[in-house]
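Spelled out, the chains give:
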Amino acid sequence: MPLITTLANSSARGYGGLLAGAGVANSYESIATTTVGSGGSASISFTSIPSTYTHLQIRFIAKSTTGGSGSTTTSITFNGNAMTKNHYLYANGSSVAAGVGASGDTNNTPLAGYTSIFGAGVIDILEYKNTNINKTIKALGGYDANGAGELALYSNLYATNTNAITSIGLTLLSGNFVQYSQFALYGIKGV
């Protein structure tokens, strides 16, 4: 029997479980995808999210129009409200950092810090429709810059309210998502 953590018992109480291998046949279903056009975009959004799944996942390949500190930082909102607390683990090949953030536009995952390099990532949104808990996310993202890339793991808490999530926004804090950046939202069935 494969090792699977029950997400219903772990998502808001310790960030346990990985969504991969949730144990239900055809458990991932595409809800929506978006590709950034030639003008670029500072943000993307998914709206009118159906309440027919247990969890959500966003997969992306993206890069920023600007480089340097802060250019890879993405703010995520649920129903127009920012995440409130986060934990992070970050590495760039020469240094490692870990910590706790709070309030405002909370960092969720890095994209590419250089205009010539795409980054990739996955954001898991656990129990998004459960109105009895505050929502949590796990995000993993990074990019390779010929030995000078970045990799980050974040966990975030949405403590503003316990409403079901019906819309998600992703916004770069500096610059725009460039043309061909792609974001896909999936619904996940199962536990």
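These numbers come from a predicted model, not from an experiment. (Residues numbered from 1 in each chain as written. Predicted model: local features only at pLDDT ≥ 70, side-chain atom pairs only at ≥ 80, totals over all residues. Heavy atoms only, no water.)

**Considerations on the overall build of the chain**
For the chain, the helix and strand inventory stands at zero helices and 12 strands. What you see in the chain, going N to C, is helices and strands ordered as β-β-β-β-β-β-β-β-β-β-β-β. Contacts in the chain between residues at least 24 apart in sequence constitute 77% of all its contacts with a sequence separation of at least 6. (Helix = DSSP H or I, 4+ residues; strand = E, 2+ residues; numbered from the N terminus. Contact = heavy atoms within 4.5 Å.)

**Re the nonpolar core**
Among the nonpolar cores identified, the biggest contains 27 residues, and I58, I76, F78, I123, I125, I168 and F183 are the most heavily contacted of them. At the level of secondary structure, the elements contributing two or more residues to this core comprise strand 2 (43–46), strand 3 (55–62), strand 4 (74–78), strand 8 (119–126), strand 9 (135–143), strand 10 (150–158), strand 11 (168–172) and strand 12 (182–188). Broken down by element, this core gets its largest block of residues, four residues, from strand 3. If we ignore the near neighbours within four places in the chain, the residues touching F183 are A32, T33, T34, V36, I44, F46, R59, F60, A62, L170 and F177. (Core = buried A, V, L, I, M, F, W, Y, C linked by side-chain atoms within 4.5 Å. Buried < 20%, exposed > 50% of the residue type's maximum accessible area, 1.4 Å probe, protein only.)

**Re the sheet that holds strand 5 (residues 81–82)**
Spatial strand order, 2-11-4-5: four strands in an open sheet with antiparallel pairing. The open sheet is flanked by strand 2 and strand 5, the only strands paired with a single partner. (Pairing = 2+ DSSP bridges.)

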